[in-house]
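Here are the chains, one letter per residue:
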Amino acid sequence: MAAVSADGEHYRFTSLVGWLKLQLKGTKTVSSILINELAGNPLCAYINVAFPTSGTEITTTYGDTMDEDGIANLTVTLSSPVTLNESTATDFYIALPPMSRTLSSGLRINFTDGTYEDLSTGNTVTIEANKVTPMAQKEVGVIPATLVAGQTFNAALKTLAAGSDKLYTDTDDLIKGIELSINDATTSSVNVSNTPAYPIYATIDGGTGIVTLHTLANRISLPSDCSYMFSNMNELTALALLSEVQTTAVSSVTSMFASCAKLLSINLSSLATADIVIFNDMFNGCAALSTLDVTGFNTAKATQMQRMFKNCTNLTAIDVSGFNTAKCYQFTQMFYGCNNLTTIGGNFINHPSALSFAVSMGEMFTLCTKLKSISLGTVQGASQEVYCQYLCGGCTELESFRATGLGKIYNANYAFSNCQSIESIDLGSSSDWTNASANFKYMFNSCYKLADLNIGHFSMNMTPELGIYDNMFINAGRDVTMIVDVANPESLIFTDSSYRERIGLKTTDITLK
């Protein structure tokens, strides 16, 4: 403080200090902060004030060398330790004299567990009287470590459980849960860390089947390659690990949870999926999952989703409305065998422009026996080629199917075979059936209730003798209204009496528009 007097009797005090503002994030608890200043320069110094015996003038002298007047290190001890927050910065204000110097040794943050972290600034810090000088936000006390790649992780845990060498492709019936314990000094012979300085040791409780990962690190990340990470762990019911690791940008999730038949729930919030190209088999065979939240998935780079949810037989609903499938061309068996699935949220397949590859949707919804409706956008592969054989085969409770357009259909045999409850099929006006080598056998076989059918652009360019339409409408509904995008629908093969019976139609079965 400085005192100023106009009459020698009354004094006005003015603060000479400024404020250094630290903004810290983390998980540890701060006990004190040390500010260092080296190179023979004091961080701050005493002010000597001399009052004369006569007059009103006061003389002051400042300590500016490393003698008894100079202080090189300043420790600010908190009256109560402060626990930091990972997401929101905690502010610390330190009063310092005005100065403009480089904190060459930086700042040291001391934690209650006896550890500390040095923050090297290397920059000139200017403190002005009565002003706040903010430092950039800083995360402190974080000790990061990353797990090994998925296949290596899988094999290591199966080997630990079995007591003998196992491969990631082997099945395991011993592991029932996987947990994480941070700031833990427990060691073992199995290290699943990809960070040499901070091992992650795995142990298993033979009684409970719980695997615990022990580490002195306090921020654990998944590997970039998570393929096969938990696959074929047949008795795995809980994955607390995924709720305890940090959000990680992953590049591969192929078969990550494949054949985890007893896994009851999966927390996917730790997966940042923006860089994933292939989602094949990610949840294939997760038969116990009743819910699965994939609404946070970024699929903008995805090209393949084959068998992604195949045989998730306990899944009743899934929302894929946020899926960006603009680059995706492989959907084969994506929902195959999800026989309790009643709802698929979203018009999720949509190609704004033709892809560089043919699109495969073979058996995509096959045996989804409780699914009521399906809605797709515009599907178009290279040259608009689309393969959709057995697309909805055996969807016995399906009532309606709608697509904005299926491009040029090359193979659709058995696509709606045995959809016994379906009444309306709209394949969109842009669907093209003009490929002479296509196959449409048994396409609408046993669609007993089919009444409305929009098949888009159809042509007689196909040779009936090829048999590509054989039994196309066998056991299909009667009095079907068919919308066809062609100038003269009455000229189509459906009106040829010699061919109608071959494709399963009687003379009064169909009305063309």
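These figures come from a predicted structure and were not determined experimentally.

**Structural notes on the confidence of the model for the protein**
The share of residues in the protein with pLDDT of 70 or more is 80%, and the mean pLDDT across the chain is 84. Contacts of residues 60–69 to residues separated by more than four positions or lying in other chains number 25 contacts, the stretch itself having pLDDT below 50.

**A short note on the pairing of strand β32 (residues 452–456)**
Consecutive side chains along a regular strand alternate between the two faces of the sheet. Across the five residues of β32, four count as buried, placing the element largely inside the fold. The pairing of strand β31 (residues 424–426) with β32 spans three bridges and is parallel. Bridge pairing in β32 places I425 opposite L453.

**Things to note about the environment of N439**
The residue N439 is located in the loop between β31 and β32 in this model. N439 sits 29 residues away from Y410 along the chain, and the two C-alpha atoms are 6.6 Å apart. Setting aside residues up to four positions removed in sequence, N439 forms contacts with Y410, N411, A412, N413 and I468.

**Some details on the packing of aromatic side chains**
Across all of its chains, the model carries 16 aromatic pairs by this definition. On the basis of an interplanar angle of 10 degrees and a centroid distance of 5.0 Å, the ring pair of Y414 and Y442 is categorised as stacked. Taken together, the residues Y414 in the loop between β30 (408–411) and β31 and Y442 in the loop between β31 and β32 connect sequence positions 28 residues apart. Three or more aromatic residues joined by ring pairs make a cluster, and in this case those are F153, F230, F257, F283, F309, F335 and F365. Positioned above the aromatic ring of Y116, the side-chain terminus of R108 is 3.9 Å from the ring centre. Note that K310 overlies the ring of Y336, its terminal NZ or CZ placed 5.0 Å from the centroid.

**Brief notes about the pattern of salt bridges**
Inspection of the entire model under this criterion finds ten salt bridges. For D91, the salt bridge identified is with K21, shortest N-O distance 3.9 Å. Taken as a pair, D91 in strand β10 (residues 90–96) and K21 in strand β3 (residues 18–25) lie far apart in primary sequence, 70 residues in all. The exposure class assigned to D91 is partly exposed, which follows from its relative accessible area of 36%. Note that K372 is salt-bridged to E397, the shortest N-O span being 2.8 Å. Taken together, the positions of K372 in the loop between β26 (359–360) and β27 (373–378) and E397 in the loop between β28 (385–387) and β29 (400–405) put the pair 25 residues apart, joining distant regions of the chain. Exposure remark for K372: the relative accessible area of 35% places this residue in the partly exposed category. You can call E397 partly exposed: its relative accessible area is 31%.

**Digging into the pairing of β29**
With five bridges connecting them, β27 and β29 associate as parallel partners. Within β29, the residue paired with L376 across the bridge is A403.

**So, the environment of I182**
Tracing the sequence through the fold places I182 in the loop between β18 (177–181) and β19 (201–204). Residue classification places I182 among the partly exposed residues on the basis of a relative accessible area of 38%. Put simply, I182 and N218 are 36 residues apart on the chain and 5.2 Å apart in space, counted from C-alpha to C-alpha.

**Focus: the environment of V277**
Counting through the fold element by element, V277 comes out in the loop between β23 (271–272) and β24 (317–319). Judged by its relative accessible area of 35%, V277 is partly exposed. A sequence separation of 27 residues divides V277 from Q304, and the C-alpha atoms of the two residues are 6.8 Å apart. Non-local contacts of V277, meaning those with residues more than four positions away in its chain, are made with S251, K301, A302, T303 and Q304.

Here is what the cut-offs are and how they apply
- Residues numbered from 1 in each chain as written.
- Predicted model: local features only at pLDDT ≥ 70, side-chain atom pairs only at ≥ 80, totals over all residues.
- Heavy atoms only, no water.
- pLDDT = per-residue confidence, 0-100.
- Contact = heavy atoms within 4.5 Å.
- Buried < 20%, exposed > 50% of the residue type's maximum accessible area, 1.4 Å probe, protein only.
- Helix = DSSP H or I, 4+ residues; strand = E, 2+ residues; numbered from the N terminus.
- Pairing = 2+ DSSP bridges.
- Phe/Tyr/Trp six-rings, centres within 6.5 Å; stacked < 30°, edge-to-face > 60°.
- Lys NZ or Arg CZ within 6 Å of the ring centre and 35° of its normal.
- Salt bridge = Lys/Arg side-chain N within 4 Å of Asp/Glu carboxyl O.

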